[in-house]
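Geometric and topological summary
In case you want the letters, here they are:
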Amino acid sequence: MARREGIKLFVATGRHHLEMDEENLLEGIRFDGYVTLNGQYCYGEKGLIYSHSFEKAVVREMVEILGEFPFPCLFMEEDRMYINMVDDLVRKAQAGIGTKVPPLGSASQALNEPIYQMVPYISEKKKRLIQGRLSGCQWVSWHDGRGYDVMPEGGSKWTGICKMAEHFGIPLSRTAAIGDGRNDVVMIRQAAVGIAMGNGKDEAKAAADYVTASVREDGLWKAIRYLIDLYV
């Protein structure tokens, strides 16, 4: 319906493309572009459009921290993702977003290739300790304060959206963002029209111009209808 009205469709997610591809999370729906890893890796049908990886020193510091007091941490490369260890928190967090537990791999592997996102599964107390040692990063919680997306400084879904808009020649005044989580707040607030799902986090709703129904009550379809009525 959106395509018939000339609206381009994009995914903006904290996930890796392997999660979407291997687990068929998009069920074969085609999009014009994909803003993945919270904006750190963006691509379209013809390939890479924008990428933003950590400085090597940041990754090295995280690997050293894991050597001192181990905890589960997921590392995301361009075409690979792996976690150094798995516990009940990891299993619960992954089940909560409907995604498999990532494959195991040594944290030291992260020193060999560019890393676009790290995901530590830790308590708030440990988070504060690690933040004090990791510079050039920003954090966003996605699993009730125990799972965090760690991104290079300056990275966000909104940054990725801006890069996509530039690539496709779309004015930012003609952008809309639909989300439900804490890592969606910036894009909901910055897009010309920000929409929060009815089942979303309070922070997402507070940032939105419009709150649609929950995802189980056709909220996404209703959000698209709202945009068509607004723009077309």
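Before any of the text, the structure's been laid out above.
What follows deals with the pairing of strand β3 (residues 41-44). Burial of the side chains of β3 extends over both faces: Tyr 41 and Tyr 43 are buried on one face and Cys 42 and Gly 44 on the other. With four bridges joining them, strand β2 (residues 33-36) and β3 adopt antiparallel strand pairing. The residue bridging Gly 33 from the neighbouring strand is Gly 44, located in β3. Following β2, the chain reverses through four residues before pairing antiparallel with β3; Leu 37 in that reversal takes a positive phi of roughly 50°. Relative to strand β4 (residues 47-51), β3 is paired through four bridges, and the arrangement is antiparallel. Its bridge partner lying in β4, Gly 44 is registered against Gly 47. Hairpin connection from β3 to β4: two residues lie between these consecutive antiparallel strands.

Mapping Arg 3 onto the fold places it in the segment before β1 (10-12). Assessed through its relative accessible area of 34%, Arg 3 is described here as partly exposed. Each C-alpha atom of the pair Arg 3 and Phe 31 lies 9.9 Å from the other, and the pair is 28 residues apart in sequence. Beyond its immediate chain neighbours, meaning those up to four positions away, Arg 3 contacts Leu 9, Arg 30, Phe 31 and Asp 32. A distance of 3.3 Å separates a polar atom in the side chain of Arg 3 from a polar atom in the side chain of Asp 32.

Another aspect to go through is unusual backbone geometry. Phi at Asn 38 takes a positive value of approximately 55°, unusual for a residue other than glycine. Its place among the elements puts Asn 38 in the loop between β2 and β3. With relative accessibility at 1%, the residue Asn 38 sits in the buried group. Phi at Asp 218 takes a positive value of approximately 60°, unusual for a residue other than glycine. Among the structural elements, Asp 218 can be located in the loop between β12 (210-211) and α8 (219-231).

Attention now goes to the sheet that holds strand β10 (residues 176-179). The parallel open sheet is built from three strands, whose spatial order is β10-β11-β12. Single-partner strands in this sheet number two, and they are β10 and β12. Direction of pairing for strand β11 (residues 193-196) relative to β12: parallel, over a ladder of two bridges. Along β12, the bridge assignment pairs Ala 196 with Val 211. The strands that α8 touches are β10, β11 and β12; relative to β11, the one it contacts most, it runs at about 160°.

Our focus in this paragraph is the packing of aromatic side chains. Under the defined criterion, the tally for this structure stands at ten aromatic pairs. Where Phe 10 meets Phe 168, the ring centres are 5.2 Å apart and the plane angle is 75°; that geometry is what we call edge-to-face. With Phe 10 in strand β1 and Phe 168 in helix α5 (residues 157-168), this residue pair connects regions lying 158 residues apart in the sequence. Measuring from centroid to centroid gives 6.1 Å for Tyr 41 and Tyr 43, while their planes differ by 55°, and the two rings are tilted. By the ring-pair criterion, three or more aromatic residues cluster together here, those being Phe 31, Tyr 34, Tyr 41, Tyr 43 and Tyr 116.

Turning to the sheet that holds β3, a few remarks are in order. The sheet built from four strands is open, its strands ordered β1-β2-β3-β4 with mixed pairing. Every interior strand has two partners, whereas the edge strands, β1 and β4, have only one. Adjacent strand axes in the sheet meet at a mean angle of 15°, parallel and antiparallel pairs treated alike.

Nonpolar side chains tend to gather and get buried jointly when the protein is soluble and globular. In terms of nonpolar packing, the biggest core is built from 22 residues, with Met 62, Phe 75 and Met 118 touching the most fellow members. For this core, the secondary structure elements donating two or more residues are α2 (56-68), β5 (73-76), β8 (137-141) and β9 (148-152). In terms of residue count, the dominant contributor to this core is α2 (six residues). Discounting chain neighbours no more than four positions away, the residues touching Met 62 are Phe 71, Cys 73, Phe 75, Met 118, Ile 130 and Leu 134. By size, the runner-up hydrophobic cluster in this structure holds 19 residues, among which are Tyr 43, Leu 74, Val 90 and Ala 93.

Here is what the cut-offs are and how they apply
Residues numbered from 1 in each chain as written. Predicted model: local features only at pLDDT ≥ 70, side-chain atom pairs only at ≥ 80, totals over all residues. Heavy atoms only, no water. Buried < 20%, exposed > 50% of the residue type's maximum accessible area, 1.4 Å probe, protein only. Helix = DSSP H or I, 4+ residues; strand = E, 2+ residues; numbered from the N terminus. Pairing = 2+ DSSP bridges. Contact = heavy atoms within 4.5 Å. Polar contact = N/O pair within 3.5 Å; in protein donor to acceptor, adjacent residues only side chain to side chain. Axes fitted to C-alpha atoms, helices over the stretch in contact; angles between N-to-C directions. Phe/Tyr/Trp six-rings, centres within 6.5 Å; stacked < 30°, edge-to-face > 60°. Core = buried A, V, L, I, M, F, W, Y, C linked by side-chain atoms within 4.5 Å.

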